[in-house]
Amino acid sequence: MGSRLSGMSIHSANQFTPSDLDQCFSLTRELENRDARGESIDLLRNKRGTVLFYENSTRTASSFTMAMQAMGGSVDKIVGVQYSSEAKGEVFADTVRTHACYSHVLVLRHPEDGAAERAAKLCNIPVINAGDGSREHPTQAVLDMFTIHRELGRFDGLNVTLLGDLLFGRTVHALCYLLSQYPVKQVNLVSPEILRLPEVYRQHLAERGVRFHEMTDLAECLPETDVLYDTRVQKERFTKAGIEHLYEEVKKAYIITPETLKAAKKDMIVMHPFPRVNEITMEVDHDPRAAYFRQIRNGLYVRMALLAMVLGKV
Ligand code: NCD
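Heads up: these notes are all about the structure in this document. The model shown is predicted, which means the values in this text are computed figures rather than measured ones.

### Details of the site of the ligand
Thinking step 1. The environment of the ligand is formed by Thr60, Arg109, His137, Gln140, Arg170, Thr171, Arg232, Gln234, Pro273, Phe274 and Pro275.
Thinking step 2. Between the ligand and arginine 109 there is a distance of 2.9 Å, counted from an oxygen atom to a side-chain nitrogen or oxygen.
Thinking step 3. Within the contact set of the ligand, an oxygen atom lies 2.8 Å away from a side-chain nitrogen or oxygen of histidine 137.
Thinking step 4. Relative to its unbound accessible surface of 320 Å², the ligand loses 93% to contact with the protein.
Thinking step 5. The residue makeup of the shell around the ligand, split by class, is 3 nonpolar, 5 polar and 3 charged.

Printed below as a string of structure tokens:
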């Protein structure tokens, strides 16, 4: 079959075409089924990956690591620059080049916008962006799309609400790129005024003919919503932007409770890339519409599929 993504670095969700997503989704399902039946999924035998994270992570680092190992590859997981020679003054470029000497793929999370793209130019192995500053998180967007499709069976005609920190939320930015490739009905952008989706993504939605509405009040769009995609307020980005004094206020702007969901459709799904802080109460977890733990599990198999595609094992 072969994959167009073979040997490619992934820095933006904008690089994926609908046919790449189709291929990724069918491979994801196949890997998951084979794994459930106890069959071998060791497509990455003799492949080595480096998971290099300069920011905290629970899901992304672990799912990439487990994905690599479950497919028979090996992995070097480095989370936290204090364990790297960068703590001794080594420059980023040398760190990247060093890992490229050992590995077949580099999965990178970094606080600077564009870091993955820069890293890809420094080495000759594929670099997968696992979050670059407040720009993008493309593999999260792929697993989000997979989840939407699995839960609701379609993209066409969906009413999607993106909620919370749309300014700094890199998962939302990447998701906008992927949603814009399908005939969704409407995207509602619900955020505090100071956390609006950046112009570049609004412009992209407009150029792709996606109908979108910005608002501050969730109640305006909740009853029509099919997918409620909530996000955490990205506290760590507030200081650099000089708006840390506004954090406590915006953090309380939207809190999803069982009461909130009374106004929502019975078959709506609630998604969240996690970590959640206070924006969805734990009582919501018992509602069958809460899809976030299913979303997390999908991430493992979607990342297996993406690794196999990038490493040319499809
Ligand atoms: C997100 C991230 O790191 O951008 N988490 C994730 O990878 N699932 C969201 C966040 O940190 O709020």
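### Remarks on the pattern of salt bridges
Thinking step 1. This structure, assessed with the given rule, holds 19 salt bridges.
Thinking step 2. For aspartate 42, the salt bridge identified is with arginine 45, shortest N-O distance 2.8 Å.
Thinking step 3. The exposure class of aspartate 42 is partly exposed, given its relative accessible area of 28%.
Thinking step 4. Under the relative-accessibility criterion, arginine 45 is labelled exposed at 51%.
Thinking step 5. The salt bridge involving arginine 196 is made with glutamate 214; its shortest N-O contact spans 2.9 Å. With arginine 196 in the loop between β6 (186-190) and α7 (199-207) and glutamate 214 in strand β7 (residues 212-215), the pair connects residues that are 18 residues apart, well separated along the chain.
Thinking step 6. On the accessibility criterion, arginine 196 (31% relative accessible area) is partly exposed.
Thinking step 7. Residues joined by salt bridges that share partners form a network here, namely Arg196, Glu199, Arg202 and Glu214.

### Regarding the side chain of threonine 28
Thinking step 1. Within the element layout of this structure, threonine 28 appears in helix α1 (residues 18-36).
Thinking step 2. Threonine 28 sits in the buried class, given a relative accessible area of 0%.
Thinking step 3. Contact partners of threonine 28, with chain neighbours within four places excluded, come to Phe146, Tyr301, Val302 and Ala305.

### As for the side chain of histidine 137
Thinking step 1. Examined against the element boundaries, histidine 137 turns out to sit in the loop between β4 (127-132) and α5 (138-152).
Thinking step 2. Residue classification places histidine 137 among the buried residues on the basis of a relative accessible area of 3%.
Thinking step 3. In this structure the side chain of histidine 137 is engaged in a polar contact, spanning 3.3 Å, whose partner is the side chain of threonine 60.
Thinking step 4. Those residues in contact with histidine 137, other than ones at most four positions away along the chain, are Thr60, Arg109, Asn129, Ala130, Gly131, Arg170, Thr171, Ala174 and Arg303.

Reading guide: rules and limits
The residue numbering used here restarts from 1 in each chain and proceeds along that chain's sequence as written. Reporting of local features is limited, given that this is a predicted model, to residues whose pLDDT is at least 70; pairs of side-chain atoms are given and counted only at 80 or more, and all residues count toward the totals for whole chains, interfaces and linings. Each side-chain value is worked out from all heavy atoms of the structure, with water and hydrogens disregarded. Near residues are defined by distance, with any heavy atom within 4 Å of the molecule or strand qualifying the residue. Under this definition, polar contacts are N or O atom pairs within 3.5 Å; protein pairs additionally need one hydrogen-donor-capable and one acceptor-capable atom, and for neighbouring residues in sequence, both atoms have to be side-chain atoms. Only the protein chains shown count as covering a residue, and every accessible area follows the Shrake-Rupley method with a 1.4 Å probe. All residues other than Ala, Val, Leu, Ile, Met, Phe, Trp, Tyr, Cys, Pro, Asp, Glu, Lys and Arg, Gly among them, are scored as polar; the first ten of these are nonpolar and the last four charged. Salt bridges are counted wherever a side-chain nitrogen of Lys or Arg sits within 4 Å of a carboxyl oxygen of Asp or Glu. Relative accessible area decides the class of each residue, using a 1.4 Å probe on protein chains only: under 20% of the type maximum gives buried, over 50% gives exposed, and in between gives partly exposed. We count a stretch as a helix when DSSP gives it H or I for four or more residues in a row; a strand needs E for two or more, and each element gets its number in order from the N terminus. Contacts between residues were defined by any pair of non-hydrogen atoms, one from each residue, lying within 4.5 Å.

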